[in-house]
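Structural overview for review
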Amino acid sequence: MLTSALPIPENLKQHYLASGIVELYPPQAECIQTGMLEGKNLLVSIPTASGKTLIAEMAMHTHIAKKGKCLYIVPLKALASEKFDEFEGKGIRIGIATGDFDRRDDSLGRNDIIVATSEKVDSLLRNRARWIHDITLLVIDEIHLIDSEKRGPTLEMVIAKLRYQNPAMQVIGLSATIGNPQLLAGWLDAELVTSTWRPVDLRQGVFWNNRIHFREGDRPVKQVSKNYEDLNLCLDTVAEGGQCLVFVSSRRNAEAFAKRAAGAIKSDEPALKACADRLSATAETEMAKSLALCVEKGSAFHHAGLSREERRIVEDGFRKGLIKCISSTPTLAAGLNLPARRVIIRDYLRFAAGEGMQPIPASEYHQMAGRAGRPRLDPYGEAVLIAKDVGQVEQLFEWYIEAPAEEVHSKIAEPSALYTHILSLVAAGFAGTRHELTTFMNRSFYVHEHRQGRLMQRAVDSALKFLVDAEMVLEIGEHIGATEFGSLVSRLYIDPRSAALIVTTLRERTDYADIGLLQLICSTPDMPRLYVRNSDRPQLERMIGEHEEELWLPMPPDEEEDEEYFRAIKTAMLLTDWTDELPDARICERY
Ligand code: ADP
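The rules behind these values
Residues numbered from 1 in each chain as written. Predicted model: local features only at pLDDT ≥ 70, side-chain atom pairs only at ≥ 80, totals over all residues. Heavy atoms only, no water. Helix = DSSP H or I, 4+ residues; strand = E, 2+ residues; numbered from the N terminus. Polar contact = N/O pair within 3.5 Å; in protein donor to acceptor, adjacent residues only side chain to side chain. Contact = heavy atoms within 4.5 Å. Salt bridge = Lys/Arg side-chain N within 4 Å of Asp/Glu carboxyl O. Buried < 20%, exposed > 50% of the residue type's maximum accessible area, 1.4 Å probe, protein only. Near = heavy atom within 4 Å. Areas by Shrake-Rupley, 256 points an atom, 1.4 Å probe, with all protein chains shown as cover. Pairing = 2+ DSSP bridges. Axes fitted to C-alpha atoms, helices over the stretch in contact; angles between N-to-C directions.

Another aspect to go through is unusual backbone geometry. In this model, Glu 142 sits at a positive phi of 55 degrees, which is unusual for a non-glycine residue. Structurally, the position occupied by Glu 142 is in the loop between β5 (137-140) and α6 (152-165).

Now the structure itself:
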């Protein structure tokens, strides 16, 4: 399908033609043929890099031409600014909403496209932002994240609430390949577009004993470094004139790899020196300084700890071909549009709390591998896993390269998610009786999936019991409503269990201490806590001894639970140092 013949607004067409997009990719053409521009709901489940953003953009501009308004949901704050940059400059107004949770942001509604995280949209719904009623097109990027334990329930509820409020709204879900797209499409009343098409050929193999094993045969890799196979794989591509993305399991590993690569690449390109100088100018922490040093020599690391400006310098340097190698945590793999000749998936094990090191899902592997190969620039892309022994070669083919993508399932019935969402439905006026609440929840993906209204009913009842006991919801006869406390908790976007813990503890206190309050906050389910190493213990125990009187929560009697207790104390100590205005670098070092 040629761009020139597309039934899309003329100015968008001209933009595409000017940037060399003269023909749609086959899955894009299929979306048009399926009726996307006539308002059909669509679920698009296609590989990474096959041009999903463009699909959404064509639909959005078609709505805007008819005075519609579009909401584009992204999974991460970092991706919101990337999408903003992509949509900008095409004659429409774009707003971005990722910031403070407890605001209505009425001015946001002046935009044609609003890019937001699902948490932000949920908060806008709770705060009853008026313009939400004007949305005519909802795009959900990476909709497979509905399966995520942490973020999925919010995404699911946001979709359900928006569709309830705006029944005529068109919905387009974009997703990497998933195992059961029919189920999700059914829930969305959507047509399904799936495809295995890719813009560049992808070769996938496993590295072992200085050779990459492909199904089609082996290829040797030169042994430059005696100790580091991952580095050899990287240098091999660089020597060929290609670039490399290396996915590792942690920020620390990403930084360590970039340093090693910098030492081996040793570029003396003046343009890199200029990038490094820009990074050095604002570098305060050790991490930022080390990034500048790496970039100067032609490598970089990339993770969620980088500032927007740092990320931009690194990404630009890579796109221009100056930076030869980026090592990254997988967080940004999905959205990061940085194709490279070779993608090395070095760490396929990841730490999961309570479970130790666990293999990543196949779908995550496919998302990372999908970044291999730059369209029109590379003859092919290569994705390489690294085996630890010969037996693992075949295993990695089975686990990842030849494995189908996982299915997605609703996570809304978990208590950790349900309490907060039930409260928000009551507080924002979506349900005024038990019956209405159940009716609403029966429209969830969970009930669509399990066909088990009764299970959901039981989960809803137990959530309501908690909320009534905690005085957040009042039940009078048939009617349910949020108390002032309940509405506040919902608008502040905190977990009702956090609020209950804070309020109960405060009611019991007659004295006050900063550290006590910080400890309380750090003990709530909302608070991300630092890990505690064995070597931290003596200092933490000393601190607990010194401040026994001021701490508000006692040590749990059960030794198995004291891990969380220590983690909360360590986090509270960090916050104390931060409020005392210790420099960031000191805080990083100490914790
Ligand atoms: P996905 O979201 O599926 O991973 P993207 O939307 O990031 O993929 O697209 C990957 C790249 O392909 C982008 O740089 C985009 O500009 C480019 N692209 C998309 N559609 C086309 C097309 N029809 N022709 C040429 N390039 C395209």
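Assignment of secondary structure puts Thr 34 in the loop between α2 (26-33) and β1 (42-45). For Thr 34, the side chain forms a polar contact with the main-chain oxygen of Glu 30, separated by 2.5 Å. Apart from the residues lying within four places of it in its own chain, the contact partners of Thr 34 are Lys 40, Leu 42, Glu 191 and Val 193.

So, on to the pattern of salt bridges. Overall, the coordinates contain 42 salt bridges when judged by the stated rule. When the shortest N-O distance is used, the salt bridge between Asp 347 and Arg 346 registers 2.9 Å. Under the relative-accessibility criterion, Asp 347 is labelled buried at 18%. Residues participating in the shared-partner salt-bridge network are Arg 219, Asp 236, Glu 240, Arg 341, Arg 342, Arg 374, Asp 378 and Glu 382.

Another point: the site of the ligand. Close contacts around the ligand come from 16 residues, with Glu 23, Gln 28, Ala 49, Lys 52 and Thr 53 the closest. Between Tyr 25 and the ligand, the recorded distance is 3.1 Å, taken from a side-chain N or O atom to a nitrogen atom. At 2.7 Å from an oxygen atom of the ligand is found a main-chain nitrogen or oxygen belonging to Ala 49. For the ligand, whose accessible area on its own is 570 Å², the fraction buried by protein is 82%.

It is worth spelling out the sheet that holds β1 at this point. With parallel pairing, seven strands are arranged side by side in an open sheet as β3-β4-β2-β5-β6-β1-β7. Lying at the two open borders of the sheet, with one neighbouring strand each, are β3 (94-97) and β7 (191-194). With direction set aside, neighbouring strand axes in the sheet form an average angle of 15 degrees. Relative to strand β6 (residues 170-175), β5 runs parallel, the two sharing four bridges. Note on β6: the bridge partner recorded for Val 139 is Ile 172.

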